[in-house]
Amino acid sequence: SQTIHQWPATLVQPVGSPLSLECTVEGTSNPNLYWYRQAAGRGLQLLFYSVGIGQISSEVPQNLSASRPQDRQFILSSKKLLLSDSGFYLCAWGGDRDSKPRYNEQFFGPGTRLTVL
Amino acid sequence: TQLLEQSPQFLSIQEGENLTVYCNSSSVFSSLQWYRQEPGEGPVLLVTVVTGGEVKKLKRLTFQFGDARKDSSLHITAAQTGDTGLYLCAGGRDDYKLSFGAGTTVTVRA
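Cut-offs used in this document
- Residues numbered from 1 in each chain as written.
- Chains lettered and ligands numbered in written order.
- Predicted model: local features only at pLDDT ≥ 70, side-chain atom pairs only at ≥ 80, totals over all residues.
- Heavy atoms only, no water.
- Helix = DSSP H or I, 4+ residues; strand = E, 2+ residues; numbered from the N terminus.
- Contact = heavy atoms within 4.5 Å.
- Buried area = accessible area lost by both parts, 1.4 Å probe.
- Salt bridge = Lys/Arg side-chain N within 4 Å of Asp/Glu carboxyl O.
- Pairing = 2+ DSSP bridges.
- Axes fitted to C-alpha atoms, helices over the stretch in contact; angles between N-to-C directions.

Enquirer: Could you give an account of unusual backbone geometry, naming the residues involved and the relevant values?
Expert: Each neighbour pair has its own omega, and for A:W7 with A:P8 the value is 0°, a cis peptide bond. Take A:P8: it is sitting in the loop between β1 (3-7) and β2 (10-13). Backbone geometry places A:N30, a non-glycine residue, at a positive phi of 55°. For A:N30, the position within the fold is in the loop between β3 (19-26) and β4 (31-38). Of note, the phi angle at B:A78 is positive, near 50°, even though the residue is not glycine. Relative to the elements of secondary structure, B:A78 occurs in the loop between β8 (71-76) and β9 (85-92).

Enquirer: Summarise the interface of chain B and chain A; cite the residues concerned and give the values.
Expert: Counting residues at the interface gives 26 residues for chain B, matched by 24 residues for chain A. Surface buried jointly by chain B and chain A totals about 1,900 Å² across both partners, of which 54% is contributed by carbon and sulfur atoms. Broken down residue by residue, the surface that chain B buries against chain A is led by B:Y96, B:K97 and B:F100, which jointly contribute 32%. At the junction of chain B and chain A, the tally comes to one salt bridge. One salt bridge connects B:K97 with A:E59, and the closest N-O pair in it is separated by 3.0 Å. Where the side of chain B that touches chain A is concerned, the elements lending two or more residues are β4 (31-37), β5 (44-49), β9 and β10 (98-100) of chain B.

Enquirer: How would you summarise the sheet that holds strand β7 (residues 61-65) of chain B if you had to cite specific residues and measurements?
Expert: All names here are of chain B. Taken in spatial order, the five strands make up an open sheet running β1-β3-β8-β7-β6, and their pairing is antiparallel. In the strand order of this sheet, the two ends are held by β1 (5-7) and β6 (55-58), each with one partner. Pairwise comparison of adjacent strand axes, ignoring direction, gives a mean angle of 15° for this sheet. With five bridges joining them, β7 and β8 adopt antiparallel strand pairing. Following the sheet pairing, T62 is matched in β8 by H75.

Quick look at the structure:
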């Protein structure tokens, strides 16, 4: 069965510091990978998605960047955090490159709570 | 701009009562997913509907996809405290992406 991991689970960082959040998926090959941000008690905003190694699409211009150095690894980064970067960050996987995702279903990791002070 | 509008935003009911959450859009989707999320955790997929007019039942939960594939509803019968959570609908497009509603926070009181 497939599992998705995110770390760290929680992070408190000062404004202006760098950021690196990691997401890895097990039990599947060639997954589509996604980074979302969620405000408290609200819906999900898609930040980045990737359909393959080195292929990153950005949905929202912002202070963040993403990379996919390996097939099942997705990293969210920032060089200098802003207060507005605080939030709950979720990684998800769905389908794979070799077949259309089954009805766009996506499966989420446990999330990272980021607080920028 | 939310492509999917969920209503109500908040819902608080007594255990044993019924509830319905709505998800509406002016856009047509190829599929519609419902997720439930507990505080501090990632959303968990409950169901996927893909055919206009489709109805799916998952124990006490009934999901319906509108005939035009633009709207959906989630109905919970005899709600239990374990049904408490944030319910999110998401519309699937042909580009591997989902558009999420803003969510409905459901609180079931004992």
